[in-house]
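If you want the building blocks of each chain, they are given just below.
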Amino acid sequence: MADWQPVADVDFDTRSETVAAFAAALAGKPAAEATEPVQRVPATFAFTVLSRPEVLRVLEGLAADRNAVLVHQAQQFEYVAPLLPDSRYRAVVDWHQVPERADRIVVRARLQDADGTEVQRLRAEIVLFENRRGREEDPSL
Amino acid sequence: MTAASPSLPVPAIGERLPEYLVTALDGAQVAAYAAASGDHNPIHLDEDAARAAGLSGTIVHGMLVMGQFEATLRAWRPECRIETMQTRFLRPLAVGGGLRIEGRVAKVETETPLRLIVRLMVRDGTGTPICVGDARIGL
């Protein structure tokens, strides 16, 4: 059983402008097109909760302890329901150390709608990547 | 491509999705993704910082790569309902690199409602696999 440690409870929203900019960036479209209303929140949008300051503060602290940088290795999403544009959610974020891998952590976010119903779950396995001098190749990420 | 409908045949196991090509994920797109996602990790944006971290240079956000999975699935079946999606990175993609995403139907879990497992693989511009994953989708 993983020993989950709390990171943060985050208010998370899907404002149209934010989602449109994200969708345009994914598609490599000009930023000007991001002003068009979005019909659907991209499936990976919820991952941006891990970039929120209150979450990054904890994750970057874990990396700093090892003089490392954060590199995503694997991601997993489960969708109970799609996120809806212009809606508000609550994300509960926690993490645990990968057993026997001091350089790996798993971060989890569970998104709930205004009624408290869980709508999406995501997990990310993150490498605390340390620069080892003499390295000849990039890591197998 | 038309929207999925009950009249569409059940895909056969092994059916291949149309290849999804991304010519290049260049610095401008990576910067736009950083701004839109809030992920300003310098290994994606700053050559010196990436090298100082031990990488060969800046690398594309993994989630910008994974985000192309949804585009691949919707180019095949625009109205598909994604129930799960997971990926594992094998190698980083240098900023400026291109992608080719391949997919195939690995399993038909149920026919009513139609629910499939699709396996996905991302290759870089040299054809080297850099990411594998799968998705469970409903149609």
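Criteria and cut-off values
Residues numbered from 1 in each chain as written. Chains lettered and ligands numbered in written order. Predicted model: local features only at pLDDT ≥ 70, side-chain atom pairs only at ≥ 80, totals over all residues. Helix = DSSP H or I, 4+ residues; strand = E, 2+ residues; numbered from the N terminus. Buried ≥ 20, exposed ≤ 12 C-beta atoms within 10 Å, placed from the backbone. Contact = placed C-beta atoms within 7 Å. Pairing = 2+ DSSP bridges. Nonpolar A, V, L, I, M, F, W, Y, C, P; charged D, E, K, R; others polar.

Caption draft 1: Expanded view of the overall build of chain A. Helix and strand counts for chain A stand at two helices and five strands. For chain A, the N- to C-terminal ordering of α and β elements is β-α-α-β-β-β-β. Projected onto the principal axes, the alpha-carbon positions of chain A cover approximately 50 × 35 × 25 Å. Evaluated residue by residue, chain A yields a buried proportion of 37% over its 141 residues. Considering only contacts in chain A between residues 6 or more positions apart, those separated by 24 or more positions represent 63%.

Caption draft 2: How the structure looks around the pairing of strand β5 (residues 118-130) of chain A. Residues and elements named next belong to chain A. Judged from the eleven bridges that link them, strand β2 (residues 68-79) and β5 form a sheet pairing that is antiparallel. Residue pairing in the sheet places Glu78 in a bridge with Arg121 of β5. With nine bridges joining them, strand β4 (residues 104-112) and β5 adopt antiparallel strand pairing. Paired with Ala109 across the two strands is Leu122, which belongs to β5. Between β4 and β5, which pair antiparallel one after the other, the connecting turn spans five residues, and Gly116 there sits at a positive phi close to 85°.

Caption draft 3: Summary view of the interface of chain A and chain B. If you look at the interface, chain A gives 31 residues, while chain B gives 31 residues. At the level of elements, α1 (16-27) and β2 of chain A are the ones that each hand at least two residues to the side of chain A that touches chain B. Classifying every residue of the side of chain A that touches chain B by side-chain character gives 16 nonpolar, ten polar and five charged. Summarising the sheet, β2(A) and strand β2 (residues 81-89) of chain B pair through five bridges and their orientation is antiparallel. Bridge pairing links Phe77(A) to Met85(B) in β2(B).

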